[in-house]
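Here is how the chains run, residue by residue.
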Amino acid sequence: MLQILGNGKTTLTVTNRGKQASLDVTVEVNEEPNQPPVADAGPNRSVKAGTKVRLNGLKSHDAEGEALYYSWSQVRGSKIALLDVDNAEPSFLAPAVSEKRIYRFKLRVTDKKGADSVPAYVDVIVEP
């Protein structure tokens, strides 16, 4: 068995009972283009402390129309328990605050072929 990955050329040589034969093999794979998906973390917004907040990545999309895998993380503010970080709409409970606080979240999406998006960010301002 001969395995060739990607485009390339090789020569296969076989020797049997003192005789030799060669075969040139050329492999050209016409791979489908795969544009990276686009992450959209939704608009910034303000909420009151104690409010259940649902982030929204539903406007993220892939040029080839493939399904997306979501990955959310918090990048600013005191640590919040963010639920369902691998879904389009994760949620958290806005914490009690004594003054306005900004919490920033990052969204990355990946398509079925493994192409990653540029990160998208959303700020949630929590008010007392």
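Look above for the structure.
A brief report on the enclosed structure follows. (Residues numbered from 1 in each chain as written. Predicted model: local features only at pLDDT ≥ 70, side-chain atom pairs only at ≥ 80, totals over all residues. Heavy atoms only, no water.)

## A short note on the sheet that holds strand β7 (residues 101-111)
Moving on, step 1. Strands sit in the order β3-β8-β7-β5 across an open sheet of four strands; the sheet is mixed. Two strands close off the open sheet at either side, each with one partner strand: β3 (45-48) and β5 (68-76). Going from strand to strand, the sheet's axes swing by 30 degrees on average, the running direction of each strand aside.
Moving on, step 2. Summarising the sheet, β3 and strand β8 (residues 120-127) pair through four bridges and their orientation is parallel. Across the sheet, Val47 pairs through a bridge with Val126, a residue of β8. (Pairing = 2+ DSSP bridges. Helix = DSSP H or I, 4+ residues; strand = E, 2+ residues; numbered from the N terminus. Axes fitted to C-alpha atoms, helices over the stretch in contact; angles between N-to-C directions.)

## What about unusual backbone geometry?
Moving on, step 1. One non-glycine residue, Arg17, lies in the positive phi region at around 50 degrees.
Moving on, step 2. Relative to the helices and strands, Arg17 resides in the loop between β1 (8-16) and β2 (19-27).
Moving on, step 3. Arg17 gets classed as exposed once you look at its relative accessible area, which sits at 83%.
Moving on, step 4. Positive phi values are uncommon outside glycine, yet Asp84 reaches one of about 60 degrees.
Moving on, step 5. Topologically, Asp84 is positioned in the loop between β5 and β6 (91-93).
Moving on, step 6. Residue Asp84 is classed as partly exposed on the basis of its relative accessible area, which comes to 43%. (Buried < 20%, exposed > 50% of the residue type's maximum accessible area, 1.4 Å probe, protein only.)

## Examining the pairing of β1
Regular strands place their side chains on alternate faces of the sheet.
Moving on, step 1. Here β1 pairs with β2 via nine bridges, running antiparallel. Considered in β2, the bridge of Thr11 is made with Asp24.
Moving on, step 2. Counting the residues in the hairpin turn of β1 and β2 gives two residues, including Arg17, whose phi is positive at 50 degrees.

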